[in-house]
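Spelled out from the first residue to the last, the chains are:
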Amino acid sequence: MSERPLLELDDVRVHFGLRGSFLQRMAGRDVGSVKAVDGVTLSLRRGEVLGVVGESGSGKTTLGRIALRTVPLTSGTVRFDGTDLTGLRESRLRPLRRRMQMVFQDPNASLNPAMTIAQAVGHPLQIHKLAMGKTEREARVAEALERVGLGTGVMAKYPSDLSGGQKQRAVLARAVICGPDLLVADEPVSMLDMSVRARILELMLDLKRDLGLTYLYITHDLATAKFFCDTIAIMYLGRVVEYGPAEQIYADPRHPYTQALLRAIPEPDPGRAVPRDLPRGEVPDAALPPLGCSFHPRCPVAFEQCGWESRDLADLLERHWVSRPAETYETERAVVGELDELEQPATTATLAAGGRATGKDVEDLLETIRRENPTDPLWRGVRNIRPDGEAVTVEFRDDHVDPPLYDVGGVKVACLKYRDDTAE
Amino acid sequence: MRGLRRALAPLFAARGLPRVLLWVGISLTAVFVILAVFAPLIAPYGFDQYAADGVRFPQQAAPSIHHLLGTTVQSDDVLSRIIWGARTSIEVVLLALLLSIVVGVPLGLVSGYFGGWLDRILVLINDSLIAFPYLLLAIVIAFLLQGSIGGGVATAAFAITVIYIPQYFRVVRNSVLSVREEPYVEAGRVLGAPPRTVIRRYVFANVVQSVPVLASLNAADAILTLAALSFLGIGIDPSAAAEWGYDISRGIDDAQAGYWWTGLFPGLAIILLVTGLTLVGESLNDSINPLLRQRRFTAMAMPKAGLEPALAPETAGTSVIKVRDLRVWYGSERGPVQAVDGVSLDVRQGEMLGVVGESGCGKSTLARGLLGLLPAGAVRDGLVEFDGRNLVELPSEEMRWLRGPSLGMVFQEPMTRLDPLMRVSAHFAEALRTHEPELSDTEVRRRSLDALAGMGIPPTRFGNYPYEFSGGMRQRILIALTLVLGPKFVVADEPTTALDVLVEAQILEILADVKRNFDTSILFITHNLGIVAEACDRVAVMYAGRVVEQGPVSAVFADPQHPYTRELLASTISLRTTGLRYIEGSPPDLLSPPSGCRFHPRCPDVMAVCSERFPPSVELGGGHPVECWLHV
C-alpha cells in the first residue's frame, strides 16, 4: 500500500514582477520578472528529510515559503497531506498551520523581543486553542523547553538574555509545541558557532525520531546536509538541477554544478590545496536567465547545444581582457564599439567596430582570442563568424535545449550530458 | 507593558548630567501639573476675577502682598491667571495628545502593516496635512469649530490634534515598516496568528516605545502652539478660561508703559513648562534609542598588569608585525569588557596567519586593535611593532598615514563598504591620489585596472557603480582597493563569511595568489576551520580574549595540543563527519571571565589547578606555544 506523500510541490513557479519605470508601466509594457522559483516538482514522504541546497539566488528560501504558503504562487500546486493548499484563503489556511512550522536562519531575529520565552513558546497553543487555561499552557511550555534541552529557568527571560544556541532551541520548542507534521528549517545552524551547530542538529534529529517529524532542510552547506538529509535537491536559479538519495549524490555527483559545490567545501585538512577548478563567473541575473541551460556560461564541460548566445560573447571578451595588461585592453577596446547590444539575449550577435576599425579588425580580434584559448567551450556553440562592413556578425547554434530533469539511475539530473542515457 | 518598563529602565539608571537633566525636567513638569490639578485650592482668585468683596482690584498694580505677581490692566491677579493657565494648558494638551494618539497610532499601524492602496491613500492625506503650514491649519480648524462649538478647551484641543495626528501616523508607520520585515513577524504569521494578533503582539509591541518620546516632545510643542493661537486671538475664548499666550498679547502694550509683570510671568511659565517637557522627552529618547547609549572607558581603569604574559612563537624569518601582550578593553554599561586580554603573535613576510575562534573570543577586536580602528570607549595596551615603531603608542595622525600604503584592511560585509554614489574608478582614484599624489591620470588608471584584473574584475566594468556588482565582486573590488597601494600587511576580518561557498573559494584562491606574487603578509580572521586549513600557513586559536594555541597549520590540525582546539576541530562538520560532537556550555562573559583558565568550565580534561591559576604559556617547539596546564 503506497503511502500518500506528506508534501507535494507540482511545477510550482513564483515570479516576482519587476517595477519598471513609470512610463513603462503606463504603456502596459511587460518589464519582466524575477523567476525566483521556475518549475519545481518535489515530494516528501512522512519521516523523510529532504535537503534543498543552493547558493543565494537559487530560490531555495522561496521554495520553503512556497511549502508553507507564505508567498503567493504564480502557478503550480501545493498539496499537504492530500489537501490542495494552492487556492486556499488565508483564513482557511490558518488552522492548517499548526501542522507545518518553520525554523528560521537568524536566531537573534526570529523571537519576538517583546515576549518572554514562555509567552513566545506558548503562543501557538493560544492561537490554535490547544490548552485549557494558563496553567495547562505553562505546563506544556515547560515540557517543550525540557524537550529541547532548555531548563524552565528561561521561561521568564527575554530573547536578548539568551545565547544564539539557546535562542534557536527556543525557536524549535515553539515550532514543535503544537505537534506539527512538517518542519521547514531555513538554514537553522548557519549563523551559529561551529561548536553549537552539532548540538542543534542532534536536537533536530532527536525531535524527528521522538515526534515523527518530516523536514524540509534548506541550506547552502552541503556538509551539514550530507549528515542530516535522506534526499537532496540541488537548486540553481530557480530550478532543481539534481535530485536524488543523498548517498548517491555525494558518492557520484553528476551535474557539473553539484560537482563544483562539493569540490569547493573547505575541509579542515591541511593536506588539501586551494585551487579547485572553480566554475567561472557568478550566478546570473534571475530576471533574464541564460538561454538553454542556465548553468552553461559557467560550466567547464558545456558543449554545442547548451545554449550559447550573445551575452556569452560579452563574457568572453571580459575574460580575455582580465588576463591582459591594461595597455592591451586599451588598444583592443578601441577596436570594438558598444557592447551594450550584446546584453540582449539572442543567438545572433552583432559586434560593431569602434572608431576607425572595420568589421575585419573585429574578426581578427576574435580570432586572436580563439587562438589563445581554443578549448573555451563557447567556440563549440559558434556556427559562423562573418565580417559585415563596420561590424561582425557572430552566429551561434540555435538548436539549444533547456534540459529537463533526466532520470539517470535513480537520480534526476538536468544536464544535457545525460540526454541520451535514458528516456526522459 | 512590561516591555515598556524594561525600555524605560535605563532611563533611571543614567548618571551624571543626563540624570540631572531628567530630574530637572520631571520636577518642572510636576510643578505645573500640581498647579493644574490643584488650581481651585492653590489659586488665590478666579481666572477672570477682577474684584473681591465688592472691591475692584487695582489695575496694573506691581507685585505686592495681596497680588504676589501683580495685576493686569483688567485687574486680574497675575498669579491666579498663571495657575489657571497651567490648568488650561495641561487640559488642552492632554486632550490633544490623547486624541492624536488614538487616531494616529492605529492608522499608522494598519497603513504600515497592510500597505497597498489603503496605505497610499492615507500617506497622501498625511503628507498633505504635514505640508500645509501647521499654524495656519490650526487657525482654520479653530475658526471652523468656534462657529459650532464655541471657543473653549475642546476647540483648541481639536485644532491641535489635527496637526499632530500626522506625526504619530508617520512615526508609527515608519517603525512598522522596519519591523514588518523582521523574521519574528513572519514567524507570528507562520504560527497561524490572525492579522490582528500579529499587529498587536508582534508589531505594535515593538514600536510602542517610540510613542512616549514623541508624546512628550509633542506636549512641549503643543503648549507653544496653544500659546501662539491664543496670542493671535484665535485660541481659547478669554471668557472661557485663562491662557498664557493671551496674557502675553495683552502684556505687550503694558511693557511699553513699564508694567513688566503682566507679560513676563506668563512668558516664564511657558518657558519653564516647555523646557521641563522637552528635557523629559529628550531623556526618554536618549535612553530608548540604543544607538545613543555609550560608555567611555578610561585608560586609568585598565590595570597595569595583565594576565600571564603570552609567549610569542619562536619562529625563523623576519616578522612583518610583532604583537606582544596586546590588551584591548572597552567600556560598557556593566563594566569593562576584556575583549583582548594579552595576545602575542608574529606574522612573517609572505605568510598568512589564520586567527580562528567563535563569537565573543575577541578576534574582531584584535583586528581593529592592531590597526587602531577601535570605537571611542576602548583602551589599548601592549606592543604592536611594525616598521620599527609601536603602533599602540603612535598618534592617530601617523596611524592614518600608515593605513592604506602600509597597512591594509578588508572587512566582512562588502555590501556596505563601498560608497554607493561613487563609481569604482572614483574609489581607486581617491585611494591612489591620497597616498601617491604624484601619479598621472594614466598611471592611476593603469594601476587600478591591473589591480582589478588581478581580482578577476574585467576592465569594462571600471566605470560602474557598486550596486551593479554582486556581493562577491564587491569584495574582490575591496581587496583590489586594499592591494593597489601595495601594503605589506593586510588584516582580513571574516572577508568571506557573508558570501556563498563558490564565491568564497574564488576569493581564497585570489588571496593565495596575492600572497605568492606580492609577498604580502595577511592576518586572516575567521570562524571556519576549513578555510584556515587550506589557505593559511600558521594558525592562532583564540578563546575568551587569549590565544590558547598557535603554530604551523599542519602541526596544529594534525595533532592539536589544547583541548579547545581539539574539541573545535572535532565539532567541525565536514563531508567526512560521521558523528556529531559539540562543546558543552557556551563562551564566557568577557565582563567577568572564569577564574584561572578561561576554558576550564567546558574542558573535558579539566584538573584542579585549572580553576585556580591561569596557565602559563609553554613553547612546544617549532613555534607552537600553548596555554594549558596539561603541558606545564
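Residues numbered from 1 in each chain as written. Chains lettered and ligands numbered in written order. Predicted model: local features only at pLDDT ≥ 70, side-chain atom pairs only at ≥ 80, totals over all residues. Heavy atoms only, no water.

Visitor: Which parts of the structure should I look at to understand the overall build of chain B?
Guide: Of regular secondary structure, chain B possesses 21 helices and 14 strands. Computed over the C-alpha atoms, the radius of gyration of chain B is 34 Å, more than 25% above the 26 Å expected from 2.2 N^0.38 for a compact globule of 632 residues. Along the three orthogonal principal directions, the C-alpha set of chain B runs to about 105 × 60 × 60 Å. Here chain B holds 632 residues, and 54% of them are scored as buried. Long-range pairs, those at least 24 residues apart, make up 68% of the contacts in chain B between residues at least 6 apart in sequence. With the model as given, the accessible surface of chain B reaches about 27200 Å², and the carbon-plus-sulfur share is 60%. Averaging the coordinates of the 52 positive side-chain charges in chain B and doing the same for the 59 negative ones gives two points 3 Å apart. (Helix = DSSP H or I, 4+ residues; strand = E, 2+ residues; numbered from the N terminus. Rg over C-alpha atoms; globule rule 2.2 N^0.38 Å. Buried < 20%, exposed > 50% of the residue type's maximum accessible area, 1.4 Å probe, protein only. Contact = heavy atoms within 4.5 Å. Areas by Shrake-Rupley, 256 points an atom, 1.4 Å probe, with all protein chains shown as cover. Lys, Arg positive; Asp, Glu negative; His and termini not counted. Charge placed at Lys NZ, Arg CZ, Asp CG, Glu CD.)

Visitor: Help me out: how do you make sense of the overall build of chain A in this one?
Guide: A tally of regular secondary structure across chain A gives 14 helices and 15 strands. Projecting the C-alpha coordinates of chain A onto the three principal axes gives extents of approximately 85 × 60 × 50 Å. Within chain A, contacts between residues at least 6 apart in sequence are counted, and of these 65% link residues at least 24 apart. With an accessible surface of roughly 17600 Å², chain A has 48% of that area assigned to carbon and sulfur atoms. Looking at chain A, you have 54 positive and 62 negative side-chain charges, and the mean spots of the two groups are 8 Å apart.

Visitor: Would you mind going over the domain arrangement of chain A with me for this structure?
Guide: The accessible area lost on association of the parts is a frequent measure of interface size. Annotation of chain A at the domain level lists domain 1 (1-99 + 182-267 + 274-288 + 401-424), domain 2 (104-179) and domain 3 (308-396). Spacing between the C-alpha centres of domain 2 of chain A and domain 3 of chain A amounts to 60 Å. (Domains from an automatic or database assignment.)

Visitor: Explain the sheet that holds strand β6 (residues 378-386) of chain B to me, please; I cannot follow it from the model alone.
Guide: Within a beta sheet, neighbouring strands are joined by backbone hydrogen bonds and run either parallel or antiparallel to one another. Residues and elements named next belong to chain B. Taken in spatial order, the four strands of this open sheet run β4-β3-β6-β7, and their pairing is antiparallel. What marks the edges here is a single partner per strand, and that holds for β4 (335-348) and β7 (389-390). Note: strand β3 (residues 319-332) against β4, ten bridges, orientation antiparallel. Its bridge partner lying in β4, S332 is registered against G335. Helix-sheet contacts for helix α13 (residues 363-371) involve β3, β4 and β6, and the interaxial angle to β3 is about 115°. (Pairing = 2+ DSSP bridges. Axes fitted to C-alpha atoms, helices over the stretch in contact; angles between N-to-C directions.)

Visitor: Is there a simple way to think about the interface of chain B and chain A in this case?
Guide: Across the boundary between the two partners, chain B contributes 74 residues, which contact 75 residues of chain A. For the pairing of chain B and chain A, the buried interface totals around 6600 Å² over both sides, and the portion due to carbon and sulfur atoms is 59%. In this assembly, chain B and chain A are joined by seven salt bridges. Across the salt bridge formed by R199 of chain A and E584 of chain B, the nearest N and O atoms sit 3.5 Å from each other. Along the contact surface separating chain B from chain A lie 26 residue pairs in polar contact (both at pLDDT 80 or more). The element contributing the most residues to the side of chain B that touches chain A is helix α18 (residues 501-518) of chain B, with eight residues. Of the residues that constitute the side of chain B that touches chain A, the class distribution is 33 nonpolar, 21 polar and 20 charged. (Buried area = accessible area lost by both parts, 1.4 Å probe. Salt bridge = Lys/Arg side-chain N within 4 Å of Asp/Glu carboxyl O. Polar contact = N/O pair within 3.5 Å; in protein donor to acceptor, adjacent residues only side chain to side chain. Nonpolar A, V, L, I, M, F, W, Y, C, P; charged D, E, K, R; others polar.)

Visitor: Can you help me understand the sheet that holds strand β1 (residues 7-17) of chain A in this one?
Guide: Residue and element names in this part refer to chain A. Pairing in this open sheet of four strands is antiparallel, and the strands run β2-β1-β4-β5 from one edge to the other. If you trace the sheet from one side to the other, it starts and ends with β2 (33-44) and β5 (83-84), each paired once. Relative to β2, β1 runs antiparallel, the two being bridged by nine bridges. Counted as the bridge partner of V12 is V40 from β2. Here helix α2 (residues 60-67) sits on the sheet in contact with β1, β2 and β4 (75-80), set at roughly 120° to β1.

Visitor: How should I be thinking about the nonpolar core in this particular structure?
Guide: One recurring pattern in soluble globular proteins: nonpolar side chains tend to sit buried together. One finds Y217 of chain A together with F428 of chain B to be the most contacted residues of the largest nonpolar core, which totals 240 residues. Here this core gets 14 residues from one element, more than from any other, and that element is helix α4 (residues 78-114) of chain B. Counting 36 residues, the second-largest nonpolar core is a separate cluster that includes L7, V12, V52 and A233 of chain A. (Core = buried A, V, L, I, M, F, W, Y, C linked by side-chain atoms within 4.5 Å.)

Visitor: Honestly, helix α9 (residues 195-207) of chain B in this entry has me stumped. Any pointers?
Guide: Within α9 of chain B the residues assigned to the buried category are T197, V198, I199, R201, Y202, V203, N206 and V207 of chain B. Those residues of α9 of chain B hidden inside the fold are in contact with α4 (117-127) of chain A together with α4, α7 (153-180), α8 (183-190) and α10 (210-231) of chain B.

Visitor: I keep staring at helix α7 (residues 194-211) of chain A and nothing clicks. Help me out?
Guide: Each turn of an α-helix holds 3.6 residues, which means side chains three or four residues apart point in the same direction. Residue and element names in this part refer to chain A. Here α7 is 18 residues long and its end C-alpha atoms lie 26 Å apart, about the 26 Å a rise of 1.5 Å per residue gives. Those residues of α7 that sit buried are M194, S195, V196, R197, A198, I200, L201, L203, M204 and L207. Once α7 finishes, G212 follows within two positions and takes phi at roughly 65°, a positive value. (Expected span 1.5 Å × (residues − 1).)

Visitor: Could you clarify how one ought to interpret the packing of aromatic side chains in this entry?
Guide: The description of two aromatic rings rests on the distance between their centres and on the angle between their planes. On inspection of all chains with the given rule, the structure shows 17 aromatic pairs over all chains. Judged by centre distance (5.2 Å) and plane angle (90°), the rings of Y236 of chain A and F295 of chain A are edge-to-face. Taken as a pair, Y236 of chain A in strand β9 (residues 231-236) and F295 of chain A in the loop between α10 (256-264) and α11 (310-322) lie far apart in primary sequence, 59 residues in all. Put simply, the rings of Y259, W260, W261 and F265 of chain B pair up and form one aromatic cluster. Here the basic side chain of R327 of chain B rests over the ring of W329 of chain B, its NZ or CZ set 5.9 Å away from the ring centre. (Phe/Tyr/Trp six-rings, centres within 6.5 Å; stacked < 30°, edge-to-face > 60°. Lys NZ or Arg CZ within 6 Å of the ring centre and 35° of its normal.)

Visitor: I keep staring at the pattern of salt bridges and nothing clicks. Help me out?
Guide: Here the idea is simple: oppositely charged side chains can pair when their charged atoms come close. As enumerated under the stated definition, the model contains 52 salt bridges over all chains in all. With a shortest N-O distance of 3.6 Å, D376 of chain A and R280 of chain A are connected by a salt bridge. On the criterion of sequence distance, the pair formed by D376 of chain A in the loop between α13 (359-372) and α14 (378-381) and R280 of chain A in the loop between α10 and α11 is long-range, its members being 96 residues apart. Judged by its relative accessible area of 6%, D376 of chain A falls in the buried class. Across the pair D247 of chain B and R81 of chain B runs a salt bridge whose closest N-O atoms are separated by 2.9 Å. Remark: R81 of chain B occurs in helix α4 and D247 of chain B occurs in helix α11 (residues 244-256); sequence separation between them is 166 residues. By the burial criterion, D247 of chain B is buried, and R81 of chain B matches it.

Visitor: It is not clear to me how unusual backbone geometry should be interpreted in this structure. Could you clarify?
Guide: Keep in mind that most residues, glycine aside, have a negative phi and that most peptide bonds are trans. The phi dihedral of E187 of chain A falls on the positive side, at around 50°, and the residue is not glycine. Overall, E187 of chain A belongs to the buried group, its relative accessible area being 7%. The backbone of E494 of chain B shows a phi angle near 50°, a positive value even though the residue is not glycine.

Visitor: Is there a simple way to think about the packing of α7 of chain B against α10 of chain B in this case?
Guide: Helix packing for two helices is described by the angle between their axes and how far apart those axes are. Residue and element names in this part refer to chain B. For the pair α7 and α10, the least separation of the axes is 11 Å and the interaxial angle reads 150°. Between α7 and α10, the interaxial angle falls into the category roughly antiparallel. Crossing handedness for the pair α7 and α10: right-handed. Here A156, I160, I163, Y164, Q167, Y168, V171, V172 and S175 of α7 lie close against α10, whose contacting residues are S210, V211, L214, A215, N218, D221, A222, T225 and L226. The residue makeup of the contact of α7 with α10, split by class, is twelve nonpolar, five polar and one charged. (Parallel < 35°, antiparallel > 145°, perpendicular 65-115°, else oblique. Left-handed = near helix turned anticlockwise from the far one by under 90°.)

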